[in-house]
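A closer look at the structure
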Amino acid sequence: KRKAAFELIAASSFLAFFGQASHSAHRMPNTPSAALSATAAGPAEAQASSLRAVALLGVGRVSDQAVLAKHADRNTLSADLQGFDTAVVQLMQRASKFPAYPGWRDRQVVVGEYGGESGRLYALADSQALCVVFVAVRGARFPERMAFGLLQEFAEKVRMVQSETSLSEANAGRLTGSLKGLMKDLMKDYSNPSKLDKVTLVHEKVDNIKGLMQDNVKKILETHVSLETLQTKSMVMSDSADKFLKQSVCLKRQVQMRNIRVKVVTAVCISAIGLYLLLPLLSDTACTAALSPTEFEGYACTYFE
């Protein structure tokens, strides 16, 4: 059992190292915004793990930084939504100041109210750098390539649905109604990264295996403790059985000796009673043997008379 426990612990450590290595291989490059991702995750991220991965999706115009359309997941907390909106404003300011060029990309880590990372914001400029599409995802495990893939698909569909004139002249929030269905469908499709990305699926499987291995190791250690307790109890029971066996042997010998004594006393008593009953006959026989024939006849006549 100990050997199996050590093997399982070693396997769990290897899987944990593999998960960290594969995750590090797909991290974003070191940037001022990426440096914030090293902060400890707060309670907001633990709560967001049970929600959809995509929290916010929208499109903004580069020239005047106006957000033309935006749709947020209804389960998004108000504090997280406020942080995403602030990050969108900062991102649009950078796109207008830079200025953004066709295919321009940017990313930013969003810090939650507890000081931990609540999500990340990704942005992509369309083919003419007229608009910038952005998406906010929860947590740090959402693949960056999937985020930009979502933005690329969203940008192409926006240009197919909306004309260049409407994108150039529409007021802030004017296109939310016409693009709401498109944004909801994309958010729903990309909310489960493991269905679209094999690496993310492998990450989830590794995490599940790690959890199972840790549970198995815990159960084995608990079973080992139970086995040691059971072994101790069995040894105590074995000692008690040995004592009982010795006592039973001694008791058996005592009973046998008592039976022998009873039998001897009974035999002596029976012999004494038999001798007592035969003693008159023996005495009479001895007397008749000592008389002569004439005396015996006289004794017999006297006896019968």
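The structure reproduced in this document is the subject of the present report. (Residues numbered from 1 in each chain as written. Predicted model: local features only at pLDDT ≥ 70, side-chain atom pairs only at ≥ 80, totals over all residues. Heavy atoms only, no water.)

1. Regarding the overall build of the protein
Counting its secondary structure elements, the protein contains nine helices and five strands. Taking all 305 residues of the protein together, the buried fraction comes to 33%. Sequence separation of 24 or more characterises 66% of the internal contacts of the protein that already satisfy a separation of 6 or more. (Helix = DSSP H or I, 4+ residues; strand = E, 2+ residues; numbered from the N terminus. Buried < 20%, exposed > 50% of the residue type's maximum accessible area, 1.4 Å probe, protein only. Contact = heavy atoms within 4.5 Å.)

2. Here's the deal with unusual backbone geometry
A cis amide bond links F98 to the next residue, P99, at an omega of -10 degrees. Locating P99 in the fold gives a position in the loop between α3 (78-97) and β3 (105-111). Located in the positive-phi region is Q65, a residue other than glycine, with phi close to 60 degrees. Given the relative accessible area of 33%, Q65 is considered partly exposed.

3. Considering the packing of aromatic side chains
Enumeration according to the criterion identifies two aromatic pairs in this entry. Considering the side-chain rings of F98 and Y101, the 6.2 Å spacing of their centres and the 50 degrees angle between planes classify their relative orientation as tilted. For F98, a relative accessible area of 55% puts it in the exposed group. Look at Y122 and F148: their rings are 5.5 Å apart centre to centre, the planes differ by 75 degrees, and that puts the pair in the edge-to-face class. Taken as a pair, Y122 in strand β4 (residues 117-125) and F148 in helix α4 (residues 144-161) lie far apart in primary sequence, 26 residues in all. F148 matches Y122 in its accessibility class, with the two residues each being buried. (Phe/Tyr/Trp six-rings, centres within 6.5 Å; stacked < 30°, edge-to-face > 60°.)

4. Quick look at the packing of α4 against helix α6 (residues 176-189)
Where α4 meets α6, the closest approach of the two axes is 11 Å, and the angle between their N-to-C directions is 160 degrees. The angle between α4 and α6 falls in the class roughly antiparallel. At the point where α4 passes α6, the crossing takes the right-handed sense. Taking contact as the criterion, the partners of L150, E153, F154, K157, V158 and V161 in α4 are, on α6, L179, L182, M183 and L186. Split by residue class, the contact of α4 with α6 holds eight nonpolar, no polar and two charged. (Axes fitted to C-alpha atoms, helices over the stretch in contact; angles between N-to-C directions. Parallel < 35°, antiparallel > 145°, perpendicular 65-115°, else oblique. Left-handed = near helix turned anticlockwise from the far one by under 90°. Nonpolar A, V, L, I, M, F, W, Y, C, P; charged D, E, K, R; others polar.)

5. Let's talk about the environment of V54
In this fold, V54 is placed in strand β1 (residues 54-61). Using a relative accessible area of 0% as the deciding quantity, one classes V54 as buried. Considered as a pair, V54 and R138 are 84 residues apart in the sequence and their alpha carbons are 6.4 Å apart. Discounting chain neighbours no more than four positions away, the residues touching V54 are D73, V135, A136, V137, R138, F142, L150, M187, Y190 and S191.

6. Thoughts on the pairing of strand β2 (residues 67-72)
Note: β1 against β2, five bridges, orientation antiparallel. Its bridge partner lying in β2, L57 is registered against H71. Counting the residues in the hairpin turn of β1 and β2 gives five residues, including Q65, whose phi is positive at 60 degrees. (Pairing = 2+ DSSP bridges.)

7. A closer look at the pairing of β4
Regular strands place their side chains on alternate faces of the sheet. Among the nine residues that make up β4, nine are buried, leaving the element largely enclosed by the rest of the structure. A loop of five residues connects β3 with β4, the two strands running antiparallel in sequence, and G115 in this loop sits at a positive phi of about 90 degrees. Two elements, β4 and strand β5 (residues 131-138), share seven bridges in a ladder whose sense is antiparallel. Following the sheet pairing, L121 is matched in β5 by A136. Between β4 and β5, which pair antiparallel and follow one another directly, the connecting turn spans five residues, one of which, A129, has a positive phi of 60 degrees.

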